[in-house]
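# Notes for the structure review
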There are 2 protein chains.
Amino acid sequence: MTDPVRVPARFHHVGFVVSSIEQAVNGFAQALGLRWQAEVFADPLQRVRVTFLGEPDTPQIELVEPGGTDSPVWAFLAKGGGLHHVCYETDDLDAELRHQRSTRGIIVRSPVPAVAFGGRRIAWVYTRQRLLVEYLERRLAP
Amino acid sequence: MTDPVRVPARFHHVGFVVSSIEQAVNGFAQALGLRWQAEVFADPLQRVRVTFLGEPDTPQIELVEPGGTDSPVWAFLAKGGGLHHVCYETDDLDAELRHQRSTRGIIVRSPVPAVAFGGRRIAWVYTRQRLLVEYLERRLAP
């Protein structure tokens, strides 16, 4: 069953895996005409480094660099990297995950606070159609 | 040289390659909580079938199905399909392509009218950072 009162999630960013943020970011920003937000976040829980291009209130491009060979994006990079996931911002992460389970999506990673979003919680879902989706909770969990 | 008066392009959609729109679309729409726009466009120039999920004024998901083995997405599907490109809507497609050439992007496909966008022109660019970008002109060419 889907949740009848579910508020649509807002498209937040698309994630693109690179071997080196430092090597890729200026060319990326220039090619797409997007402003680099200049901060690089190292997330020990996700074992990645990430940075964002574009204005915060518009769909952004996230560059994702593996934090090491144990990073969840390491294998993806080894196959060439590139477009990796989409991220939606949601008012209610737990309700979103209940919905995903109801549509037989796989919860790849349960909610954890994310360094790149000031501690707001994220979770990862692999839909039955094989789209990797990151869900970002709009507000900081109390 | 970049164009100093360049207006930022607007994120329009992200394209996801599937083997069958008919088999994938309802599950996709349900999982993401996005409305399927219900129309499937067959584009003989692009040799693909495409359809859109989400509201027209928000970032959409485009499902792309190869129109045959000669389709530009056939090889991508053979490797598993999935996230394929991002699309930006631009006021001036020709200026955008001049900019892309100046940043050493490869113009994979020069502007052609697209069935899925009422004949508005699209072009394809592969950036130096290996992101495939579709540019969609905002207005119908005169």
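All figures in this text were calculated on a predicted structure; none of them were measured in a lab.

## Regarding the relation of the copies chain A and chain B
Overlaying chain A on chain B yields an RMSD of 0.0 Å, the required transformation being a rotation through 180° with an accompanying axial translation of 0.0 Å. What the rotation and shift describe, once combined, is the action of a two-fold rotation axis. Among all residues of chain A, the one whose C-alpha sits closest to the rotation axis is Leu83(A), at a distance of 3.0 Å. Interface residue correspondence from chain A to chain B reaches 100%, placing this contact among same-surface, isologous pairings.

## Points about the environment of Gln46(B)
Residues and elements named next belong to chain B. For Gln46, the position within the fold is in the loop between β2 (41–43) and β3 (48–53). Separated by 69 residues in the primary sequence, Gln46 and Val115 have C-alpha atoms spaced 9.3 Å apart. For Gln46, the contacting residues outside a window of four places in its chain are Ser71, Pro72, Val112, Ile122 and Trp124.

## So, unusual backbone geometry
Positioned with a positive phi, Arg130(A) is a non-glycine residue whose angle comes to about 70°. Relative to the assigned elements, Arg130(A) resides in the loop between β7 (121–126) and β8 (132–137). The phi dihedral of Ala38(B) is positive, around 75°, even though this residue is not glycine. The class of Ala38(B) is exposed, set by a relative accessible area of 52%.

## Section: the layout of surface pockets
There is about 480 Å³ of room inside the second largest pocket. Along the wall of the second largest pocket there are 25 residues; nearest its centre are Thr58(A), Pro59(A), Phe11(B), Thr58(B) and Pro59(B). Of all the elements in the fold, those that place two or more residues in the lining of the second largest pocket are β1 (10–17) of chain A together with β1 (10–17) of chain B.

## A short note on the packing of aromatic side chains
Per the counting criterion, the structure on display carries nine aromatic pairs over all chains. Here the aromatic residues Phe11(A), Tyr88(A), Tyr135(A), Phe11(B), Tyr88(B) and Tyr135(B) are joined through ring pairs into a cluster of three or more.

## What to know about the interface of chain A and chain B
Opposite the 31 residues of chain A that make contact, chain B presents 31 residues. Applying the counting rule to chain A against chain B returns zero salt bridges. Where chain A meets chain B, there are six residue pairs in polar contact (both at pLDDT 80 or more). Looking at the side of chain A that touches chain B, the elements that each hand over two or more residues are β1, α1 (21–32), β5 (82–90), α3 (93–102) and β8 of chain A. The element that contributes the greatest number of residues to the side of chain A that touches chain B is α1(A), accounting for six residues. A per-class count over the side of chain A that touches chain B returns 16 nonpolar, 12 polar and three charged.

## A look at helix α1 (residues 21–32) of chain B
In a regular helix each residue adds 1.5 Å, so 12 residues correspond to 16 Å; α1(B) covers 15 Å between its end C-alpha atoms and thus fits that length. Among the residues of α1(B), those classed as buried are Ile21(B), Ala24(B), Val25(B), Phe28(B), Ala29(B), Ala31(B) and Leu32(B). The buried residues of α1(B) occupy an angular sector of 160° when projected down its axis, which confines them to one face. Counted as exposed and oriented over 90 degrees from the buried face of α1(B): Gln23(B) and Asn26(B). Next to the buried residues of α1(B) lie β5, α3 and β8 of chain A together with β1, β3 and β4 (60–66) of chain B. Backbone geometry just downstream of α1(B) places Gly33(B) in the positive-phi region, at approximately 65°.

Analysis parameters
- Residues numbered from 1 in each chain as written.
- Chains lettered and ligands numbered in written order.
- Predicted model: local features only at pLDDT ≥ 70, side-chain atom pairs only at ≥ 80, totals over all residues.
- Heavy atoms only, no water.
- Least-squares fit on C-alpha atoms with pLDDT ≥ 70 in both.
- Contact = heavy atoms within 4.5 Å.
- Helix = DSSP H or I, 4+ residues; strand = E, 2+ residues; numbered from the N terminus.
- Buried < 20%, exposed > 50% of the residue type's maximum accessible area, 1.4 Å probe, protein only.
- 1 Å grid on protein atoms, 1.4 Å probe; cavity = no way out; pocket = protein on both sides within 12 Å on 5 of 7 lines; lining within 4 Å.
- Points joined across faces, edges and corners; volume = space filled by probe spheres on them.
- Phe/Tyr/Trp six-rings, centres within 6.5 Å; stacked < 30°, edge-to-face > 60°.
- Salt bridge = Lys/Arg side-chain N within 4 Å of Asp/Glu carboxyl O.
- Polar contact = N/O pair within 3.5 Å; in protein donor to acceptor, adjacent residues only side chain to side chain.
- Nonpolar A, V, L, I, M, F, W, Y, C, P; charged D, E, K, R; others polar.
- Expected span 1.5 Å × (residues − 1).
- Arc of directions from axis to C-beta.

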